[in-house]
Amino acid sequence: MFLQKLTYIAERYYKWKFQSNSGLWNEIQDYQQKTKSTGAKYATLFYLYKFITKTRPKSITECGTGLSTVVICHAIESIKKEEPSYNPRFVSLESEQFYWKHAVDLLPGKYKNYVDIKLASLVEDNYGMYRGVRYDCKPIPPCDFVFVDGPDYKVDKGGFSFCFDLISCILSSETPVNAVIDTRVSTVYVLQKLLGQRIVKYNPVTRVGTVKGATMRNLKEISEPPSRHFNYDFWGNLHLKIK
Ligand SMILES: C[S@@+](CC[C@H](N)C(=O)[O-])C[C@H]1O[C@@H](n2cnc3c(N)ncnc32)[C@H](O)[C@@H]1O
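Residues numbered from 1 in each chain as written. Predicted model: local features only at pLDDT ≥ 70, side-chain atom pairs only at ≥ 80, totals over all residues. Heavy atoms only, no water.

Q: How would you summarise the packing of aromatic side chains if you had to cite specific residues and measurements?
A: Summed over the entire model, instances satisfying the criterion amount to 13 aromatic pairs. Consider the rings of Phe-18 and Phe-46, whose centres lie 5.8 Å apart with planes at 80 degrees: the pair is edge-to-face. Of this pair, Phe-18 sits in helix α1 (residues 2-19) while Phe-46 sits in helix α3 (residues 42-55), placing them 28 residues apart in sequence. When its relative accessible area of 2% is taken as the criterion, Phe-18 is described as buried. A relative accessible area of 14% places Phe-46 in the buried class. Linked through ring pairs, Tyr-13, Tyr-14, Trp-16, Phe-18, Trp-25, Tyr-42, Phe-46 and Tyr-47 together constitute an aromatic cluster. (Phe/Tyr/Trp six-rings, centres within 6.5 Å; stacked < 30°, edge-to-face > 60°. Helix = DSSP H or I, 4+ residues; strand = E, 2+ residues; numbered from the N terminus. Buried < 20%, exposed > 50% of the residue type's maximum accessible area, 1.4 Å probe, protein only.)

Q: How would you summarise the site of the ligand if you had to cite specific residues and measurements?
A: Of all residues adjacent to the ligand, which total 15 residues, the nearest are Leu-67, Ser-68, Glu-94, Tyr-99 and Asp-149. Contact distances for the ligand include 3.5 Å between a nitrogen atom and a side-chain N or O atom of Ser-37. When the ligand is considered free in solution it has 580 Å² of accessible area, and contact with the protein chains removes 78% of it. Of all the cavities here, the one that holds the ligand is the largest pocket. Classifying every residue of the shell around the ligand gives three nonpolar, seven polar and five charged. (Near = heavy atom within 4 Å. Polar contact = N/O pair within 3.5 Å; in protein donor to acceptor, adjacent residues only side chain to side chain. Areas by Shrake-Rupley, 256 points an atom, 1.4 Å probe, with all protein chains shown as cover. 1 Å grid on protein atoms, 1.4 Å probe; cavity = no way out; pocket = protein on both sides within 12 Å on 5 of 7 lines; lining within 4 Å. Sits in = over half its atoms within 2 Å of the grid points. Nonpolar A, V, L, I, M, F, W, Y, C, P; charged D, E, K, R; others polar.)

Q: With reference to specific residues and values, describe the packing of α1 against α3.
A: At a minimum axis distance of 8 Å, the contact between α1 and α3 shows a crossing angle of 50 degrees. On the basis of the axis angle, α1 is oblique to α3. As α1 runs across α3, the sense of the crossing is left-handed. Residues Glu-11, Tyr-14, Lys-15, Lys-17 and Phe-18 of α1 form the contact with α3, whose own contacting residues are Tyr-42, Ala-43, Leu-45, Phe-46 and Tyr-47. Here the residues of the contact of α1 with α3 sort into seven nonpolar, no polar and three charged. (Axes fitted to C-alpha atoms, helices over the stretch in contact; angles between N-to-C directions. Parallel < 35°, antiparallel > 145°, perpendicular 65-115°, else oblique. Left-handed = near helix turned anticlockwise from the far one by under 90°. Contact = heavy atoms within 4.5 Å.)

Q: How would you sum up the nonpolar core? Please name residues and give values.
A: Grouped together as the largest cluster of nonpolar side chains are 38 residues, with contacts concentrated most on Phe-18, Leu-48, Ile-52, Ile-60, Ile-72 and Phe-145. Of all the secondary-structure elements, those providing two or more residues to this core are α1, α2 (22-34), α3, α4 (67-82), α5 (97-106) and β6 (145-148). Those residues in contact with Ile-60, other than ones at most four positions away along the chain, are Ile-52, Ile-72, Ile-76, Tyr-86, Pro-88, Arg-89, Phe-90, Val-91 and Phe-145. Membership of the second largest hydrophobic core comes to 33 residues, among which are Tyr-135, Val-188, Val-190 and Ile-222. (Core = buried A, V, L, I, M, F, W, Y, C linked by side-chain atoms within 4.5 Å.)

Q: Can you break down empty space enclosed by the protein residue by residue, with the values?
A: Using the criterion set out here, one finds one cavity of 30 Å³ or more in the structure. Looking at the largest cavity, its volume works out to about 100 Å³. Lining the largest cavity are 13 residues, with Leu-93, Ile-140, Pro-141, Asp-165 and Ser-168 positioned closest to its centre. If you list the elements that add at least two residues to the lining of the largest cavity, you get β1 (59-63), β5 (130-135) and α6 (165-172). Ranked by the residues each element gives to the lining of the largest cavity, the list is headed by α6, at three residues. Its residues placed into classes, the lining of the largest cavity shows nine nonpolar, two polar and two charged. (Points joined across faces, edges and corners; volume = space filled by probe spheres on them.)

Q: Outline the state of the cysteines, listing residues and values.
A: The tally for this structure, following the rule as stated, stands at one disulfide. The disulfide bridge from Cys-143 ends at Cys-169, spanning 1.9 Å between sulfur atoms. Of the two residues, Cys-143 sits in the loop between β5 and β6 while Cys-169 sits in helix α6, which places them 26 residues apart along the sequence. There is no split in this pair, since Cys-143 and Cys-169 are both buried. Free cysteine: Cys-137, not disulfide-bonded; nearest cysteine sulfur from Cys-63 at 9.3 Å. With relative accessibility at 9%, the residue Cys-137 sits in the buried group. (Disulfide = S-S within 2.5 Å.)

Q: Could you give me a rundown of α1, with the residues and numbers involved?
A: Its 18 residues give α1 an end-to-end C-alpha distance of 26 Å, which sits within 8% of 26 Å, the value for a rise of 1.5 Å per residue. Residues of α1 that are buried: Thr-7, Ala-10, Glu-11, Tyr-14 and Phe-18. The arc that holds every buried residue of α1, seen down its axis, measures 105 degrees, which confines them to one face. With respect to the buried face of α1, the exposed residues turned more than 90 degrees away are Phe-2, Lys-5, Arg-12 and Trp-16. (Expected span 1.5 Å × (residues − 1). Arc of directions from axis to C-beta.)

This is the structure in C-alpha cells:
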C-alpha cells in the first residue's frame, strides 16, 4: 500500500518533469489524445529518454510499439541537434496487426525516416531452462539498446513466461547491450538470474528495470546436463553458478 502510494507520487513527479520539456510534452499529449494503445508509464518514458540522450546508442530495438516510439524519436531528434551525423538504426517491433497499423498511422510525419515499425509474429524460445516469448524477426536487429515493453508473454500451453528478445539481442551482439524494461517483473527476475543483480536492476517505486552493459560473456552458461550448473549450500539451497 505504502509502495503503491510512492509509485503514484513518482508517476506524478515524472509527468511534471515531462511538462517542463514543452516540445516533447506537446507530442506526448497529441499522441495520447489519438492512441488506443496502453502507453508505458511516465517513469519508464523518462528513464528511456534520459538513457538514450545520455548513451547515444547506435542501434535501438523497441519491443512493443506506441507512445514510447515517439519519445525515442524525440530523443534521437534532440541528439541530432548537437550531433547532426547521429543516425541510429531504430527498429520497433509489434505483434498485433491492429496496433502496428495504428502506430504507423499515428507516427508524426517528421519521424517516418527515424524508425522502421515492423509487424512480427510471436514464437517461444528458450535459454537453458528458461522459456520465454519473442518476436519472430529475422535477422535479429543488431542493437546496443533495447526497450522492453512487449510482447505478451503468455505461452501456448498455458501460464506465463517472460519477454525473451533481450536475450536474443545479447547473444547476437558483439558490443555491450543496455536496456530499459517497463514493469515486466518476470522478465527482470529471469534476467537477474542469468546476468546478476549488478547488471540488472529493478526499482520497486518506479517499477522500471534497467540493464547496463550486458554481454554474451555475462550470461550464465546453461546447457545439458543441468546439474553441473548448480551449486548447493549447506542448507540445501540451490544457486546457479556464475560462469
Ligand atoms: C504495453 S503495450 C506497449 C506500449 C508502448 N510501448 C507504448 O508506450 O505505448 C504492449 C503491447 O500490448 C498490446 N497492446 C497495446 N495496447 C493495448 C490495449 N489497450 N489492449 C490490449 N493490448 C494492447 C500491443 O501489442 C503492445 O505492443
